[in-house]
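Tertiary structure, described
So the chains spell out like this:
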Amino acid sequence: MKAINLDYSAATPVDEAVLQEMLPYFTEHYGNPSSGHTLGEKPREALEEARSKVGRLIGAEEPGKNQIIFTASSSEANNLAVKGIIAAGKKKGNQIITSAIEHFSILNQLKGLEKEGYEIIRLPVDKYGLIAPGLLEEAISDQTILISIQAANPEIGTIQPIDELAALARKNEIPFHTDAAAAAGGIALDVDRMGVDMLSLAGDQFYGPKGSGALFVRRGVRLRPLIEGGIQEKGLRAGTENVPAIVGLGEAARLAYETLEERAEKVAYFRDQLKESLFNEIPHLHLNGHPEKRLPRNLNISVEFVEGEALLMRLNMAGIYVSSGSSCTSQALKSSHVLEAIGLPPELAQGSLLLAPDRENRIEDIPYITEQMAQVAGLLRNMSPLYHQYLKEEKKNANLQ
Amino acid sequence: MPTYSDKVMEHFTNPRNIGEVEDADGIGEVGNPVCGDMMKFTIKVKDDRIEDVKYFTFGCGAAIAVSSMVSEMARGKTLEEALKITNKQVAEELGGLPGNKMHCSNLGADALHKAIRDYMEKQGRESNE
Ligand code: FES
């Protein structure tokens, strides 16, 4: 049977070269980087090499100037950034600014902080998911202690004007954090050009292992650790380092950096061809997110009149793997907060599909994907009360004319 | 995607009785307050029995399987019997539903009962449910 993955934003496979780099650190070089003897040497070196590879991916190579703190995920990096800066308490105030479409690892911890008395401002986005810098400027006050806005949205792919937003933060001397989990490895990032003080990323988004992540911290930004203990990671994350995962993250970052343009072009081309094919063959589709300012690995569409879980299940039966932002697919039975924030009507959010292709996808598969999608959409529409209602209205309108 | 029973998958893959009966005697439309989905049942009644029953469903895999199962359970039953079909029975017949999908089974029986009551009202009868 066919197996076409269009859900690479959920996970990418570990690149073969990455795996080969990692393997010796499970066995041969198993030593503890903190050891004073010979066994600690190789792992210690490997950590620093990985650090500079990750630094290079985001334009933060200069050692000493900046810090890369290894974590187990971008969720952890996001928590370290937000909770860490608040606990450090360098800047006085009680207001944090974010956007309405952040990842849950930002939104949920801010909900908690709100209960503790912090004022959380969630900037709205336009219908494409973009944040207007003017809104941030208005929201900033002398009480603002942190601004956290994602570099790109994992669900609708919209890329934010981080440089403009961060410039406003800098002007007001407010630390700026960006969650770049969806962006890192997919588009070119440079912490200096973006002007950010902290940046989170995750290795499993670009062919590194799961359980690998990092937080970039600009020099001068003070954090308190979430995990206290030994002085690993400059005291910002206690616990013996997961050396194989970190080595894997570093190698994945190197590969991503060296092949970035080529891969982005290839993926965007596939994405555009797929989009064209689907929109040509299937009526009543709706594009979600920005037409241009979007991640190469992102096509988000709504299939009108049908529900996403049913679509997903049918496509799964055809060997095509996708995800959906419909309420029925979510554990909490709530439709995606991102789709709600861009003002998508609930019926359209119900029919939303996220197609996230990557370098493995082949142009030759597009006809099969299109054919299956058309068939599945047709089948589900045929049993949809909304579709039949639409057909009736169409008929009425035609008769009136 | 939750783990569904074989029976659910079977009905989802081959849903029975999709559509709208012609000149329906009763129509029942319900919306799901939990997730925003919809079902529409139409029935044809003869000698107090459900002679034909069809439906349209806008909803998840469970909701589609539920409507298919309800249509099978209701067909040929007397109105009295059909009114006694409970959400729980529907879920049981389907070999169980995942916890957060139980609410989808409400939709099916509710829509069917609404169609029956619609018929009874049109006949000037009271349903004693
Ligand atoms: S109809 Fe929405 S979860 Fe089943």
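Residues numbered from 1 in each chain as written. Chains lettered and ligands numbered in written order. Predicted model: local features only at pLDDT ≥ 70, side-chain atom pairs only at ≥ 80, totals over all residues. Heavy atoms only, no water.

Quick word on the overall build of chain A
Helix and strand counts for chain A come out as 13 helices and 12 strands. On C-alpha atoms alone, chain A measures out to a radius of gyration of 23 Å, which is about the 21 Å that the 2.2 N^0.38 rule sets for 401 residues. A principal-axis box enclosing the C-alpha atoms of chain A has dimensions of 85 × 50 × 35 Å. When each of the 401 residues of chain A is scored for burial, the buried share is 58%. Across chain A, every contact between residues at least 6 apart in sequence was considered, and the portion connecting residues at least 24 apart equals 74%. Roughly 17300 Å² of accessible area belongs to chain A as shown, and the carbon and sulfur atoms make up 51% of that amount. (Helix = DSSP H or I, 4+ residues; strand = E, 2+ residues; numbered from the N terminus. Rg over C-alpha atoms; globule rule 2.2 N^0.38 Å. Buried < 20%, exposed > 50% of the residue type's maximum accessible area, 1.4 Å probe, protein only. Contact = heavy atoms within 4.5 Å. Areas by Shrake-Rupley, 256 points an atom, 1.4 Å probe, with all protein chains shown as cover.)

Side note on the pairing of strand β6 (residues 176-179) of chain A
Residues and elements named next belong to chain A. Taking every second residue as pointing to the same face, both faces of β6 are buried, with Phe176 and Thr178 on one and His177 and Asp179 on the other. In the sheet, strand β5 (residues 144-148) pairs with β6 via 2 bridges, with the strands oriented parallel. Within β6, the residue paired with Ile147 across the bridge is Phe176. Chirality of the crossover, the property in question, places the unit of β5, helix α6 (residues 162-171) and β6 among those that are right-handed. (Pairing = 2+ DSSP bridges. Right-handed = clockwise from strand over helix to strand, strands pointing away.)

So, the sheet that holds strand β12 (residues 352-355) of chain A
All names here are of chain A. The 3 strands lie next to each other as β9-β10-β12, forming an open sheet whose pairing is antiparallel. Whereas interior strands pair on both sides, the edge strands pair on one side only; in this sheet they are β9 (285-288) and β12. Adjacent strand axes in the sheet meet at a mean angle of 30 degrees when their direction is disregarded. Sheet topology note: the β9/strand β10 (residues 299-303) ladder contains 4 bridges and is antiparallel. Bridged to His286 within β10 is Ser302. Lying over the sheet, helix α12 (residues 366-382) contacts β9, β10 and β12, oriented at roughly 30 degrees with respect to β10. (Axes fitted to C-alpha atoms, helices over the stretch in contact; angles between N-to-C directions.)

Notes on helix α13 (residues 385-400) of chain A
At 3.6 residues per turn, the α-helix brings residues three or four places apart onto the same side. Over its 16 residues, α13(A) extends 23 Å from the first C-alpha to the last, a length consistent with the 22 Å expected when each residue adds 1.5 Å. Those residues of α13(A) not exposed but buried are Pro385(A), Leu386(A) and His388(A). Down the axis of α13(A), the buried side of the element spans an arc of 165 degrees, and every buried residue falls inside it. For α13(A), the elements touching its buried residues are α12 of chain A together with β2 (38-46) and β3 (49-58) of chain B. Capping the start of α13(A) is the job of one residue whose side-chain oxygen sits 3.2 Å from the backbone nitrogen of Leu386(A): Ser384(A). (Expected span 1.5 Å × (residues − 1). Arc of directions from axis to C-beta. Polar contact = N/O pair within 3.5 Å; in protein donor to acceptor, adjacent residues only side chain to side chain.)

Some thoughts on the packing of aromatic side chains
Applying the stated criterion across every chain, the model contains 4 aromatic pairs over all chains. Arranged with centres 5.2 Å apart and planes meeting at 55 degrees, the rings of Phe305(A) and Tyr387(A) form a pair that is tilted. Taken together, the residues span a long stretch of sequence, with Phe305(A) in the loop between β10 and α9 (308-317) and Tyr387(A) in helix α13 at a distance of 82 residues. Between Phe41(B) and Tyr55(B), the aromatic rings sit 5.6 Å apart at their centres with planes inclined by 35 degrees, giving tilted as the arrangement. Taken together, the residues span a long stretch of sequence, with Phe41(B) in strand β2 and Tyr55(B) in strand β3 at a distance of 14 residues. Residue classification places Phe41(B) among the buried residues on the basis of a relative accessible area of 0%. Relative accessible area serves as the criterion here: at 0%, Tyr55(B) is assigned to the buried category. Each residue in the set Phe305(A), Tyr387(A) and Tyr390(A) is aromatic and connected to the rest through ring pairs, giving one cluster. Lying over the aromatic face of Tyr368(A), Lys2(A) brings its terminal NZ or CZ to 4.9 Å of the ring centre. The ring of Phe12(B) carries the charged tip of Arg314(A) above its face, separated from the ring centre by 5.1 Å. (Phe/Tyr/Trp six-rings, centres within 6.5 Å; stacked < 30°, edge-to-face > 60°. Lys NZ or Arg CZ within 6 Å of the ring centre and 35° of its normal.)

Things to note about the interface of chain A and chain B
Every contact between the two is made by 25 residues of chain A and, on the other side, 25 residues of chain B. For the chain A and chain B pair, buried surface summed over both sides reaches about 2100 Å², with 69% attributable to carbon and sulfur atoms. For the chain A face of the interface with chain B, the top three residues by lost area are Met313(A), Leu333(A) and Met383(A), together amounting to 31%. Linking chain A to chain B there are 2 salt bridges. Across the pair Lys392(A) and Glu20(B) runs a salt bridge, and its minimum N-O distance is 3.6 Å. One can count 10 residue pairs in polar contact (both at pLDDT 80 or more) joining chain A with chain B. (Buried area = accessible area lost by both parts, 1.4 Å probe. Salt bridge = Lys/Arg side-chain N within 4 Å of Asp/Glu carboxyl O.)

Things to note about the domain arrangement of chain A
All names here are of chain A. When cut into domains, chain A gives domain 1 (4-8 + 259-400) and domain 2 (16-257). Taking only C-alpha atoms, the centre of domain 1 and the centre of domain 2 are 31 Å apart. Each partner contributes to the interface: domain 1 provides 26 residues, whereas domain 2 provides 31 residues. Each partner contributes to the roughly 2300 Å² buried at the junction of domain 1 and domain 2, and carbon and sulfur atoms together form 56% of this total. The largest share of the area that domain 1 buries against domain 2 comes from Leu260, Leu295 and His337, three residues that together contribute 27% of it. Summed over the shared surface of domain 1 and domain 2, the number is 0 salt bridges. (Domains from an automatic or database assignment.)

Considering the pairing of strand β7 (residues 198-202) of chain A
Residue and element names in this part refer to chain A. Across the 5 residues of β7, 5 count as buried, placing the element largely inside the fold. Neither face of β7 is exposed, since Met198, Ser200 and Ala202 on one face and Leu199 and Leu201 on the opposite face are all buried. As judged from the 3 bridges shared by β6 and β7, these two strands associate in the parallel manner. If you follow His177 over to β7, its bridge partner there is Met198. Sheet topology places β7 next to strand β8 (residues 213-218); 5 bridges connect them, and they run antiparallel. Bridging from a neighbouring strand, Ala202 pairs with Gly213 of β8.

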